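# Structural characterization, general
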Amino acid sequence: MFSVTQVGSWPRSPELLAGLREKRMGRMTDQQFNELADGEIRRCIQLQLDAGVDIVVDGELRRDNFYSFISEKVDGTRLMSLAEMLETVEDKAAFEEMLQTLDAPAFSIRNPTCVGKLRRREPLAANDLRFLRTLTDKPVKTTLPGPYLLTRAMWVTSYSGSAYGDKPVMADDVVSILREELEELVDEGAEFVQFDEPVLTEVVHSGDDKRRTFM
Amino acid sequence: MNRVLDGFSGKLRTGIHVCRGNWSKREDVLITGDYQPLVDCFREMNVDQLVLEYATPRAGELEIIGRALSDREIGLGCVNPRTDVAEPVESIVDRAHEALQYWSPEKIFLNPDCGFGCFANRCVNQEDIAAAKLKSMVDAAKILRSDVL
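Residues numbered from 1 in each chain as written. Chains lettered and ligands numbered in written order. Predicted model: local features only at pLDDT ≥ 70, side-chain atom pairs only at ≥ 80, totals over all residues.

### What to know about the overall build of chain A
Worth spelling out the cut-off: Runs of E in the DSSP output that reach at least two residues are strands. Runs of H or I that reach at least four are helices, and both are numbered from the N terminus. Put simply, the radius of gyration uses C-alpha atoms, and a globule should come to 2.2 Å times the residue count raised to 0.38. Burial is judged by counting other C-beta atoms within 10 Å of a residue's own C-beta: 20 or more means buried, 12 or fewer means exposed, and anything between counts as partly exposed, with every C-beta placed from the backbone.
Within chain A one finds nine helices and five strands. Across chain A, helices and strands are ordered from the amino to the carboxyl terminus as β-α-α-β-α-α-β-α-β-α-α-α-β-α. Rg of the C-alpha trace for chain A: 18 Å, near the compact-globule value of 17 Å for 215 residues, within the 12% margin. Burial analysis of chain A (215 residues in total) assigns 43% to the buried set.

As structure tokens, this is what we get:
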């Protein structure tokens, strides 16, 4: 009772941020990056164990953000900064104003835009769970972006339309990808998987007359 | 969500986290409104745990979900990931006691309102403060466990 845990992400160190950038630019190999991230995750786990939490998380330290990271794991996606997306939206002024109003940094928040047929090339989180098992015997919470968030964020008509025609058709593949992942996580002995759906509140609290967020 | 979860019931604990944005430390630019309009949606959803924000007044009253969905586990958001001071243990204990009006102790989990760094380049906190907030929750959990025994 009263199990203490986290929602998922942990602050990135300057070294890790530099690593994420170098990897994105292709100046650091996946292996080099993973060695760096392994060390950072070890420290993150130790801090949680020292604090005495009951269910640990890996801090999502390998991820650029909690949903964009899937672009590294799923074919048919392209990581785009919000600034790049600004080029494609019809009402550029409104999009830019939304980002400013929301205090959202256009160049450093990235989106996993669907640009072709989606296929899960590698596990989204199962490898991370396997690594965590080597560090602690405590229960682990694994976090994944939810199907609604992914469908909504990934669909950009000018890029996604040619592969799927319509958003609900793409959503079917998003569901399949998440089910495949869940299957693999269960096989890895996952005890707790949390789906993140932050924009559900926006659906009910921001009407058409109000703003929508960038996600 | 249910299409994703269909067939997995009992194989693992599943949760859904719903917040109001975590990209800025400015409370005024994040979304405001309680969970009332989502009650039916949550009820339909075959998840074991609702991981929700309750450390910010923007999220409304605990009673709304407490009255409607006490059959689920609650991941009680009880520290704000965007502030620079760890919450006093007593405030977390008080919030959890409020949750005890609706949920049994086994169904109550303590967590922050959201992650401490959802966007790598826009982390909303730093490591030492985040660790102090975890410690506050752990200390609160110890008090709560002795309170209910």
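### With respect to the interface of chain A and chain B
How we decide: Contact between two residues is assigned when their C-beta atoms, built from the backbone, lie within 7 Å. Gly falls in the polar group here, along with every residue not listed as nonpolar (Ala, Val, Leu, Ile, Met, Phe, Trp, Tyr, Cys, Pro) or charged (Asp, Glu, Lys, Arg). What makes two strands pair is DSSP finding at least two bridges between them.
Contact with chain A, which involves 53 residues of that partner, is made by 55 residues of chain B. When residues of the side of chain A that touches chain B are traced back to their parent elements, those giving at least two are β1 (3–4), α1 (14–24), α2 (30–51), α8 (167–187), β5 (192–196) and α9 (200–205) of chain A. Residues that form the side of chain A that touches chain B fall into these classes: 28 nonpolar, 16 polar and nine charged. Summarising the sheet, β5 of chain A and strand β1 (residues 13–18) of chain B pair through five bridges and their orientation is parallel. Counterpart to Asp 196 of chain A in the pairing with β1 of chain B is His 17 of chain B.

### Notes on the pairing of β1 of chain B
Residues and elements named next belong to chain B. Note the following rule: By definition, the crossover connecting two strands over a helix is right-handed if that path, from the first strand to the second, turns clockwise as seen with the strands pointing away from the viewer.
Among the six residues in β1, five count as buried, and that is most of the element. Inspection of the sheet shows β1 paired to strand β2 (residues 49–52) by four bridges, in the parallel sense. Each bridged residue has a counterpart across the sheet, and for Val 18 the counterpart in β2 is Leu 52. Crossover connection from β1 via helix α2 (residues 39–44) to parallel β2: handedness right-handed.

### Section: the nonpolar core
Soluble globular proteins tend to pack their nonpolar side chains together in the buried interior. Quick reminder of the rule: Here, a nonpolar core means buried Ala, Val, Leu, Ile, Met, Phe, Trp, Tyr and Cys residues linked by C-beta atoms lying within 7 Å of one another.
One finds Leu 76, Cys 78, Ala 96, Leu 110 and Met 137 of chain B to be the most contacted residues of the largest nonpolar core, which totals 97 residues. In terms of residue count, helix α5 (residues 127–148) of chain B provides more of this core than any other element does, eight residues in total. With sequence-adjacent residues up to four places away left out, Ala 96 of chain B is seen in contact with Phe 2 of chain A together with Leu 76, Cys 78, Ile 108, Leu 110, Ala 140 and Leu 144 of chain B.

### Notes on the sheet that holds β5 of chain A
One open sheet accounts for seven strands, arranged β1(A)-β4(B)-β3(B)-β2(B)-β1(B)-β5(A)-β4(A); its pairing is parallel. The two strands at the open ends of the sheet, each matched to only one other strand, are β1 and β4 (141–145) of chain A.

### Some words on unusual backbone geometry
Negative phi is the rule for most residues except glycine; trans is the rule for most peptide bonds. All names here are of chain A. In this structure, Phe 2 takes a positive phi of about 55 degrees despite not being glycine. Topologically, Phe 2 is positioned in the segment before β1. Among the residues examined, Phe 2 registers 26 C-beta atoms within 10 Å and is labelled buried. Phi is positive for Glu 60, close to 55 degrees, though the residue is something other than glycine. The residue Glu 60 is located in the loop between α2 and β2 (74–81) in this model. Owing to 27 C-beta atoms within 10 Å, Glu 60 belongs among the buried residues under this scheme.

### Let's talk about α8 of chain A
Since the α-helix advances by 3.6 residues per turn, residues separated by three or four positions end up pointing in the same direction. All names here are of chain A. What counts, and what does not: In a helix, the anticipated span is given by 1.5 Å times the number of residues less one.
With 21 residues, α8 ought to run about 30 Å at 1.5 Å a step, and its terminal C-alpha atoms sit 31 Å apart, in line with that. For α8, every residue scored as buried is listed here: Met 170, Asp 173, Val 174, Ile 177, Leu 178, Glu 181, Leu 182 and Leu 185. The positive-phi residue at the C-terminal boundary of α8 is Gly 189, with phi of around 80 degrees.

### Quick word on the pairing of β5 of chain A
Here is the key point about a regular strand: its side chains alternate between the two faces of the sheet. Of all five residues that make up β5 of chain A, five are buried, and the element is covered over most of its length. Burial of β5 of chain A is two-sided: the residues Phe 192, Gln 194 and Asp 196 of chain A facing one way and the residues Val 193 and Phe 195 of chain A facing the other way are all buried.

### Points about helix α5 (residues 126–133) of chain A
Residue and element names in this part refer to chain A. Rules: This arc is taken over the directions from the axis of the helix to the C-beta atoms.
Buried within α5 are the following residues: Ala 126, Asp 128, Leu 129 and Leu 132. Seen from one end, α5 has its buried residues packed into an arc of 155 degrees, which puts them on one side. At its buried positions, α5 is contacted by β4 and α8.

### Observations regarding the environment of Gln 126 of chain B
With respect to the secondary-structure elements, Gln 126 of chain B resides in the loop between β4 (108–112) and α5. Sequence-wise, Gln 126 of chain B and Asp 84 of chain B are 42 residues apart; in three dimensions their C-alpha atoms are separated by 8.5 Å.

### Quick notes on the packing of α1 of chain A against α2 of chain A
Residues and elements named next belong to chain A. The line we're drawing: Interaxial angles span 0 to 180 degrees and are taken between N-to-C directions of axes, which are lines fitted to C-alpha atoms, for helices over the stretch in contact. Note on angle classes: values under 35 degrees are labelled roughly parallel, values over 145 roughly antiparallel, values of 65 to 115 roughly perpendicular, and the remainder oblique. Take the far helix as the reference: if the near one is turned anticlockwise from it by less than a right angle, the crossing is left-handed, and if turned clockwise, right-handed.
The N-to-C vectors of α1 and α2 enclose an angle of 155 degrees; their axes lie 10 Å apart at closest approach. Of the possible angle classes, the one that applies to α1 and α2 is roughly antiparallel. As α1 runs across α2, the sense of the crossing is left-handed. Facing Glu 15, Leu 16, Gly 19 and Lys 23 of α1, the residues of α2 in contact are Phe 33, Leu 36, Ala 37 and Glu 40.

These values are about where atoms sit, not about what they do.
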